[in-house]
There are 2 protein chains.
Amino acid sequence: MAAKRVGKRTIRFQNPPIIIATGTVVGPMEGNGPLGPDFDVVLQDNMYGQATPEKAETKLLEEAAKVAFQKASLSPQDVEYMLAGDLLNQIISSSFAARQLEIPYFGLYGACSTAAEGMCLGGMLIDGGFADRVLVCVSSHYQTAERQYRYPIELNIKRKLTAQYTVTGAGAAILASQGSGPRVTLATVGTVVDLGIKDPNDMGSAMAPAAAETMFQFFSDTNTRPEDYDLILTGDLARVGKVMVQEVLKEKGIALGDNYDDCGVIIYGNNPKVGAGGSGCACSAVVTFGRILREMKNGIYAKVLLVATGALMSPLSYQQGESIPGIAHAVLIEA
Amino acid sequence: MAAKRVGKRTIRFQNPPIIIATGTVVGPMEGNGPLGPDFDVVLQDNMYGQATPEKAETKLLEEAAKVAFQKASLSPQDVEYMLAGDLLNQIISSSFAARQLEIPYFGLYGACSTAAEGMCLGGMLIDGGFADRVLVCVSSHYQTAERQYRYPIELNIKRKLTAQYTVTGAGAAILASQGSGPRVTLATVGTVVDLGIKDPNDMGSAMAPAAAETMFQFFSDTNTRPEDYDLILTGDLARVGKVMVQEVLKEKGIALGDNYDDCGVIIYGNNPKVGAGGSGCACSAVVTFGRILREMKNGIYAKVLLVATGALMSPLSYQQGESIPGIAHAVLIEA
């Protein structure tokens, strides 16, 4: 086993899983943002022709998977496992998409960190010799998340500046033991970290300690520093959490420099409507599977460390006075 | 990879994960049932000294893990990963337990099939060389499930005969690459199966087709028959689903005989209060980790096929007219 571990908590894949294809589908607001041209499908309307936003979210996920299969010239039968999750109660978007795809299915819940959770597990399934190909996919949707976690959008509640805006979208990646594409070479699975933040309108601050903890572990396990990577990308800390993770790591002697950014910050640019920035399972997935992998193919980045973050709360845990625990999983993607 | 696969969809572990210790904690009603003496801890009161049933459920999960660690003379630091899930929105019981245990954490959602989902994935992590030990644990709680999925118990709504009773309990198992105990030798991961059942008071019928599909796949992949096993145990089909799975498999030429039973049927015996029988993530977990593994140790069974079942719906998907998809994961446990 030792050969597959680096330091205390990091995995080094012996036969690194290759990201042979991805699919990204986003809503109109994400399509109008600075990363618009990087997405495979941009919807005209968040409802996607469906009767409810929940049904639209399922369709987003199915479509993202379909695009990935098309790009890889594969069909769902060519994939041994599907690892998927979303933010909805009982991850119905993922389970209903899995019903359509008919792939043996592992349902995951890691809140907004789920894309990285799936890449960690999917990578282990491939490197462990249990699958030649796995599909990792996640979704989120502004309307479904707002009405489940906060208020129905019809109430038009004023957003706080620290609040984040749930990305409407879905991202899918096919990981394979053979083929061409960037490889997932290292993974650090996160622990649950809770510093007692209780404000559900400030998820960035709730998740930042977990991101810092996982990054600290990754750098110390691999004996590397932030400047050893071309890009370090947190999932959805957005503007508030991005500053906080930099401060926490600085106290531990790690300086995140200009090569550090956050998917929640970059997906909407300076759109004033989004508060502190984007969030949701789709946030890190569509940014990474869209923009970042394209730039890796174009030779702009060779080594990208993705640290996807999740807030592991529910409206009920909040009502019962619980604070908001966070988690972050890191995967190193190399061209 | 071929060496680790049998037939189309079944995994054969090369270094089968060993179940070195388990912990089971249940509520008073489960403790008063026929399996009472098999559980490690039986609560006097479902609330477990907590202010809310949700907090009680988290404590159940922590306690089950604690018992398993004690039996194995290990502490949480000795385990590389925790794989856990429950029925609550955003699996808060698992995430809050993971906050206490501080083990790198993969959140899972497979409804009542989660124990087997965790054993499949945990087994792959061990056999793949990524961990020496993993903790797999799940929980469910009558009060938390009733008020989330159906009605607050205070309303005292009359239960339908086909309805099932959520097991209050938690089960934990430590899987390891070395040590003594029964081994998980084969695993078949389920696909999502939906025959259009829409009655949330008849989950057994909704899940039975998935159980039949996974069992059919397992028997055909391994070229075996039901009589080749000492015990075949579905998760929580209860009395209605148990008959249905037998009928569906009979049509496919597979006769489930006297060596077939269902955890949801046996956990409460003939208690008239429970409708068709037990359900919940804890149902298959506490029956298997309590009674069944003890009987394997006592030489009563050598080969037990556990087929844990889950209904992948949410109250919202039901309200939106969706039918109830099911899933079932099979693991073969050998003494």
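The structure displayed is predicted, hence computed values, not measured ones.

Rules used throughout
Residues numbered from 1 in each chain as written. Chains lettered and ligands numbered in written order. Predicted model: local features only at pLDDT ≥ 70, side-chain atom pairs only at ≥ 80, totals over all residues. Heavy atoms only, no water. Helix = DSSP H or I, 4+ residues; strand = E, 2+ residues; numbered from the N terminus. Rg over C-alpha atoms; globule rule 2.2 N^0.38 Å. Buried < 20%, exposed > 50% of the residue type's maximum accessible area, 1.4 Å probe, protein only. Areas by Shrake-Rupley, 256 points an atom, 1.4 Å probe, with all protein chains shown as cover. Least-squares fit on C-alpha atoms with pLDDT ≥ 70 in both. Patch = residues over 30% accessible without salt bridge, like charges linked within 9 Å, V, L, I, M, F, W, Y side chains within 5 Å. Salt bridge = Lys/Arg side-chain N within 4 Å of Asp/Glu carboxyl O. Contact = heavy atoms within 4.5 Å. Buried area = accessible area lost by both parts, 1.4 Å probe. Polar contact = N/O pair within 3.5 Å; in protein donor to acceptor, adjacent residues only side chain to side chain. Phe/Tyr/Trp six-rings, centres within 6.5 Å; stacked < 30°, edge-to-face > 60°. Lys NZ or Arg CZ within 6 Å of the ring centre and 35° of its normal. pLDDT = per-residue confidence, 0-100. Expected span 1.5 Å × (residues − 1). Arc of directions from axis to C-beta.

Let's talk about the overall build of chain A
Across its full length, chain A carries ten helices and 15 strands. In terms of C-alpha radius of gyration, chain A reaches 18 Å, essentially the compact-globule figure of 20 Å for 335 residues. In terms of its C-alpha atoms, chain A occupies a principal-axis envelope of roughly 55 × 50 × 35 Å. A burial count over chain A gives 68% of its 335 residues as buried. Summed over all atoms, the accessible surface of chain A reaches about 11000 Å², with 48% contributed by carbon and sulfur.

Points about the relation of the copies chain A and chain B
After a rotation of 180° and a shift along the axis of 0.0 Å, chain A superposes on chain B with an RMSD of 0.0 Å. Taken together, the rotation and translation describe the operation of a two-fold axis.

Examining a nonpolar patch on the surface
Residue and element names in this part refer to chain A. Among the surface-exposed residues, Tyr 151, Leu 155 and Ile 157 lie close enough to one another that they form a single nonpolar patch of about 300 Å² accessible area. By secondary structure assignment, the location of Leu 155 is in the loop between helix H5 (142-149) and strand S8 (164-166). Residue classification places Leu 155 among the exposed residues on the basis of a relative accessible area of 52%.

Digging into the side chain of Asn259(B)
All names here are of chain B. Here Asn 259 shows up in the loop between helix H7 (238-251) and strand S12 (260-262). The exposure class assigned to Asn 259 is buried, which follows from its relative accessible area of 16%. Asn 259 has contacts with Pro 226, Glu 227, Tyr 229, Asp 230, Leu 231 and Ile 232, leaving out every residue within four places of it along the chain.

What to know about unusual backbone geometry
With the exception of glycine, most residues fall at negative phi, and the peptide bonds are largely trans. Residue and element names in this part refer to chain B. Even without being glycine, Ser 73 reaches a positive phi, approximately 50°. Tracing the sequence through the fold places Ser 73 in the loop between helix H2 (53-72) and strand S5 (81-86). Relative accessible area serves as the criterion here: at 65%, Ser 73 is assigned to the exposed category. Here the phi dihedral of Glu 102 falls at roughly 60°; this positive angle occurs in a residue that is not glycine. Tracing the sequence through the fold places Glu 102 in the loop between helix H3 (92-101) and strand S6 (105-107). Classification of Glu 102 by relative accessible area gives exposed; the value is 59%.

Remarks on the interface of chain A and chain B
Quite often, the size of an interface is put as the accessible area lost when its parts meet. Counting residues at the interface gives 60 residues for chain A, matched by 60 residues for chain B. Carbon and sulfur atoms supply 63% of the area that chain A and chain B bury against each other, a total of about 5000 Å² over both sides. Linking chain A with chain B are six salt bridges. Two residues, Arg99(A) and Asp194(B), come together in a salt bridge whose shortest N-O distance is 2.5 Å. At the boundary of chain A with chain B, the tally comes to 28 residue pairs in polar contact (both at pLDDT 80 or more). Counting residues per element, the side of chain A that touches chain B draws most heavily on helix H4 (residues 114-127) of chain A, at six residues.

Brief notes about the packing of aromatic side chains
This model, assessed by the stated rule, comprises 14 aromatic pairs over all chains. Ring centres of Phe218(B) and Phe219(B) lie 5.9 Å apart, and the angle between their planes is 75°; this geometry places the pair in the edge-to-face category. Across the ring face of Phe130(B), the terminal group of Lys4(A) is positioned such that the distance to the ring centre comes to 4.6 Å. The ring of Tyr48(B) has Lys59(B) sitting right over it, with the charged end atom 4.3 Å from the ring centre.

Points about the confidence of the model for chain A
Taken residue by residue, chain A gives an average pLDDT of 95. The fraction at 70 or more is 99%. For this predicted complex, the interface score ipTM comes out at 0.97, while the overall pTM is 0.97.

Regarding the pattern of salt bridges
Counted according to the given criterion, the structure contains 27 salt bridges over all chains. Glu54(A) is the salt-bridge partner of Arg147(A), the closest N and O atoms lying 2.6 Å from each other. Placement of the pair is Arg147(A) in helix H5 and Glu54(A) in helix H2 (residues 53-71), with a sequence separation of 93 residues. When its relative accessible area of 4% is taken as the criterion, Glu54(A) is described as buried. Salt bridges linked by common partners bring Asp38(B), Asp40(B), Lys71(B), Arg291(B), Arg294(B) and Glu295(B) together as one network.

Some points on helix H7 (residues 238-251) of chain A
All names here are of chain A. Along its 14 residues, H7 runs 20 Å from first to last C-alpha, staying within 8% of the 20 Å computed at 1.5 Å per residue. Among the residues of H7, Ala 238, Gly 241, Lys 242, Val 245 and Leu 249 are the ones counted as buried. Buried positions in H7, seen along its axis, are confined to an arc of 105° and lie on one side of it. Opposite its buried face, H7 presents the exposed residues Lys 250 and Glu 251, each directed more than 90 degrees away. Backbone geometry just downstream of H7 places Gly 253 in the positive-phi region, at approximately 85°.

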